[in-house]
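Coordinates in review
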Amino acid sequence: MKLSEIIKELALTIQSAAGRLDREVTGGYASDLLSDVMAHSKEGDIWVTIQGHPNVVAIATLRDLAGIILANGRQPDAETVQRAEEEGVPILCTLLPTFDVVGRLHRLGIHGKD
Amino acid sequence: MEKKELMWDYEIEGKDFRNAGRVSSKVKDILKELGFDPDFVRRVAIASYEAEMNVVCHADKGTLHFAILPQALQIVVKDRGPGIPDIELAMQEGYSTAPPEIREMGFGAGMGLSNMKKNADELHIVSTVGQGTVVEMVMRSPRSRQGSA
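Residues numbered from 1 in each chain as written. Chains lettered and ligands numbered in written order. Predicted model: local features only at pLDDT ≥ 70, side-chain atom pairs only at ≥ 80, totals over all residues. Heavy atoms only, no water.

What about the overall build of chain B?
When helices and strands are tallied, chain B shows 5 helices and 5 strands. For 149 residues, the compact-globule estimate of 2.2 N^0.38 gives 15 Å, and the C-alpha radius of gyration of chain B, at 15 Å, lies within 12% of that figure. Looking at chain B as a whole, 51% of its 149 residues are labelled buried. In the form shown here, chain B has an accessible surface area of approximately 7500 Å², with 49% of it arising from carbon and sulfur atoms. Averaged over its 19 positive side-chain charges, chain B has a centre that lies 4 Å from the centre of its 22 negative ones. (Helix = DSSP H or I, 4+ residues; strand = E, 2+ residues; numbered from the N terminus. Rg over C-alpha atoms; globule rule 2.2 N^0.38 Å. Buried < 20%, exposed > 50% of the residue type's maximum accessible area, 1.4 Å probe, protein only. Areas by Shrake-Rupley, 256 points an atom, 1.4 Å probe, with all protein chains shown as cover. Lys, Arg positive; Asp, Glu negative; His and termini not counted. Charge placed at Lys NZ, Arg CZ, Asp CG, Glu CD.)

Details of the sheet that holds strand β5 (residues 132–140) of chain B
Residues and elements named next belong to chain B. With antiparallel pairing, the 5 strands of this open sheet are ordered in space as β1-β2-β3-β5-β4. Each having just a single partner strand, β1 (6–13) and β4 (122–128) make up the two edges of the open sheet. Across this sheet, the average inter-strand angle for adjacent strands is 10 degrees, counted without regard to direction. Where β4 lies against β5, 7 bridges are found, and the strand directions are antiparallel. Following the sheet pairing, L123 is matched in β5 by M137. (Pairing = 2+ DSSP bridges. Axes fitted to C-alpha atoms, helices over the stretch in contact; angles between N-to-C directions.)

Some thoughts on the sheet that holds strand β5 (residues 91–93) of chain A
Residue and element names in this part refer to chain A. Across the sheet, 5 strands lie side by side as β1-β5-β4-β3-β2; this open sheet has mixed pairing. For this open sheet the edge positions go to β1 (13–14) and β2 (27–30), each flanked by a neighbour on one side alone. Bridging between β2 and strand β3 (residues 45–49) involves 4 bridges; their strand directions are parallel. Bridging from a neighbouring strand, G28 pairs with I46 of β3. The sheet strands contacting helix α5 (residues 98–107) are β2, β3 and β4 (67–70), and the helix crosses β3 at an angle near 155 degrees. (Contact = heavy atoms within 4.5 Å.)

Overview of the packing of helix α2 (residues 38–58) of chain B against helix α5 (residues 112–119) of chain B
All names here are of chain B. Running from amino to carboxyl end, α2 crosses α5 at an angle of 150 degrees, the nearest separation of the two axes being 9 Å. Judged by the angle between their axes, α2 and α5 are roughly antiparallel. Once α2 is placed against α5, the crossing between them reads as left-handed. Between α2 and α5, the contacting residues are R42, R43, I46, A47, E50, A51 and N54 on the first element and G112, L113, N115, M116 and N119 on the second. For the contact of α2 with α5, the per-class residue count stands at 5 nonpolar, 4 polar and 3 charged. (Parallel < 35°, antiparallel > 145°, perpendicular 65-115°, else oblique. Left-handed = near helix turned anticlockwise from the far one by under 90°. Nonpolar A, V, L, I, M, F, W, Y, C, P; charged D, E, K, R; others polar.)

Digging into the interface of chain B and chain A
Listed by partner, the interface residues are 24 residues for chain B and 20 residues for chain A. For the pair chain B and chain A, the summed buried area comes to about 1800 Å², and 52% of that belongs to carbon and sulfur atoms. Our count for the chain B to chain A interface comes out at 3 salt bridges. There are 11 residue pairs in polar contact (both at pLDDT 80 or more) connecting chain B and chain A. Of all elements in the fold, only α1 (22–33), α2 and α5 of chain B reach the threshold of two or more residues within the side of chain B that touches chain A. (Buried area = accessible area lost by both parts, 1.4 Å probe. Salt bridge = Lys/Arg side-chain N within 4 Å of Asp/Glu carboxyl O. Polar contact = N/O pair within 3.5 Å; in protein donor to acceptor, adjacent residues only side chain to side chain.)

Comments concerning the environment of E33 of chain B
Position of E33 of chain B among the secondary structure elements: in helix α1. Expressed as a C-alpha distance, the spacing of E33 of chain B and G108 of chain B, which sit 75 residues apart in the sequence, is 31 Å.

Topic: the side chain of R63 of chain A
Here R63 of chain A is to be found in the loop between α3 (55–62) and β4. It turns out R63 of chain A is buried and unbridged, and the closest side chain with the opposite charge, D64 of chain A, is 6.5 Å from it. A polar atom in the side chain of R63 of chain A sits 2.9 Å from the backbone oxygen of M38 of chain A. Each residue touching R63 of chain A, except ones within four places of it in the same chain, is listed here: V37, M38, S41, K42 and E43 of chain A together with R42 and I46 of chain B.

See below:
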């Protein structure tokens, strides 16, 4: 499923890299511990977290993630948005908590480890 | 790549969370550009990121030296910092000495050294308390796909 379709289905707001929403999302991972995401996420994953500081962009870039969903009404720092624009990492926001974001992604056919 | 050794050196600033991860991104970009196997690049990126973040989280400053040798890739991260009193304990997954404000950012999960160990073929740590730490990682590589730089 394309990132743009997920954005539509979950009514996410786009905070950065609006030109990079055409990418195929091949899986998902949810965690707020950066080393955990580093170790266990996969290329093409959508990452659900509540961390909005600039280091999330570094993780997404290093792991070639499809995008980041900031759950629970969290907003990215201004610097996070700037870094994400530079690196072409889509950051998407929602009021839904992580648990519900993941539930909805599952229903759309986006899974973790298959 | 016969006989040619390629090496790079980068500085890492302690507590500079703004630029944290940039060195590892450069390492990754270089390897990607040289055509290394994506899975190998992924392993190097994880190991390098964790070593870089340890300097950012714990040390005053450090350097990352990264070399493509004929048979392997070598990463040496040296820092001036508090050192590790008990390396065996520090290697245990979940053990961390990161302060609370760093943990709130999602660092300090106690997974850094174990992520390095899992992704590197060799991991050597030499540390002197009150002076600093040297971490050397060796990753035996599938050759560069294009075979030259």
